[in-house]
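Each chain, letter by letter, is given below.
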Amino acid sequence: MPPPPRSGMEHEAEVVGVGAGSAPGGDVPAVILSARDEYVPIFVSADQAQSIGMALEGEPFDRPLTHDLLVDILTEFGGAIDRVRVDDLRDGTFYAKVDAERYEEGEPERFVFDARPSDALALAVRIDCPIIVSDEVIDEAGRPQDSVQFDDGSQGT
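Residues numbered from 1 in each chain as written. Predicted model: local features only at pLDDT ≥ 70, side-chain atom pairs only at ≥ 80, totals over all residues. Heavy atoms only, no water.

Peer 1: Give me the overall build of the protein chain: which residues, what numbers.
Peer 2: Secondary structure summary: the protein chain contains four helices and eight strands in total. Listed N to C, the secondary structure of the protein chain is β-β-β-α-α-β-β-β-α-β-α-β in terms of helices and strands. A total of 157 residues make up the protein chain; the buried ones form 41% of that total. By sequence separation, contacts in the protein chain at least 24 residues apart represent 49% of the contacts at least 6 residues apart. Here the protein chain displays about 9600 Å² of accessible surface, and carbon together with sulfur accounts for 50% of that area. (Helix = DSSP H or I, 4+ residues; strand = E, 2+ residues; numbered from the N terminus. Buried < 20%, exposed > 50% of the residue type's maximum accessible area, 1.4 Å probe, protein only. Contact = heavy atoms within 4.5 Å. Areas by Shrake-Rupley, 256 points an atom, 1.4 Å probe, with all protein chains shown as cover.)

Peer 1: I'd love a proper account of the packing of aromatic side chains, names of residues and values included.
Peer 2: Enumeration over the complete set of coordinates arrives at one aromatic pair. Seen in terms of ring centroids, phenylalanine 111 and phenylalanine 113 are 6.1 Å apart; in terms of plane orientation they differ by 15°. Their pairing is stacked. We classify phenylalanine 111 as partly exposed; its relative accessible area is 26%. Lying across the ring of tyrosine 95, arginine 90 places its NZ or CZ 4.1 Å from the centre. (Phe/Tyr/Trp six-rings, centres within 6.5 Å; stacked < 30°, edge-to-face > 60°. Lys NZ or Arg CZ within 6 Å of the ring centre and 35° of its normal.)

Peer 1: A description of the side chain of serine 118 should follow, citing residues and the corresponding values.
Peer 2: Topologically, serine 118 is positioned in helix α3 (residues 117-127). If we ignore the near neighbours within four places in the chain, the residues touching serine 118 are Val44, Gln48 and Ile52.

Peer 1: Break down the packing of helix α1 (residues 46-57) against α3 for me, with residues and values.
Peer 2: Contact geometry of α1 with α3 gives a least axis separation of 9 Å together with a crossing angle of 15°. By the angle between their directions, the pair α1 and α3 is classed as roughly parallel. The element α1 and its partner α3 pack so that their crossing is left-handed. Mapping the contact onto sequence places Gln48, Ser51, Ile52, Ala55 and Leu56 in α1 and Ser118, Asp119, Leu121, Ala122, Val125 and Arg126 in α3. Split by residue class, the contact of α1 with α3 holds six nonpolar, three polar and two charged. (Axes fitted to C-alpha atoms, helices over the stretch in contact; angles between N-to-C directions. Parallel < 35°, antiparallel > 145°, perpendicular 65-115°, else oblique. Left-handed = near helix turned anticlockwise from the far one by under 90°. Nonpolar A, V, L, I, M, F, W, Y, C, P; charged D, E, K, R; others polar.)

Next up, the structure:
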């Protein structure tokens, strides 16, 4: 019997890899988060998976990709991304938010933007900001680390 769901807690997560998960229509790219000693696979498009994977590996791009451009514009206008949150999962769809701020006359002005998790994670890996995942999301989508296999054949530990 699984433990009862927790309510309201948030956990810092890290991206441990980009791989593929099995779905009814075939393999689907997934970003794997590690939070609360569990893996949370979040399915993304092939383009997003490639963008996130290349950013994780530190591979430079010839020209800025959309997420790089967004970070550059935000920074130029005096803003910064504080953290991203994967905070909801409904009907198999993950939801995320990007917490940002800018200073005007020395005072912080805070903003929260709704985002696709793939976009939020692509931003987070570029600027190395905290990734937060709610207990509710981990309770519903989390998997034991040893149940996830990576492309190189290794399993999570």
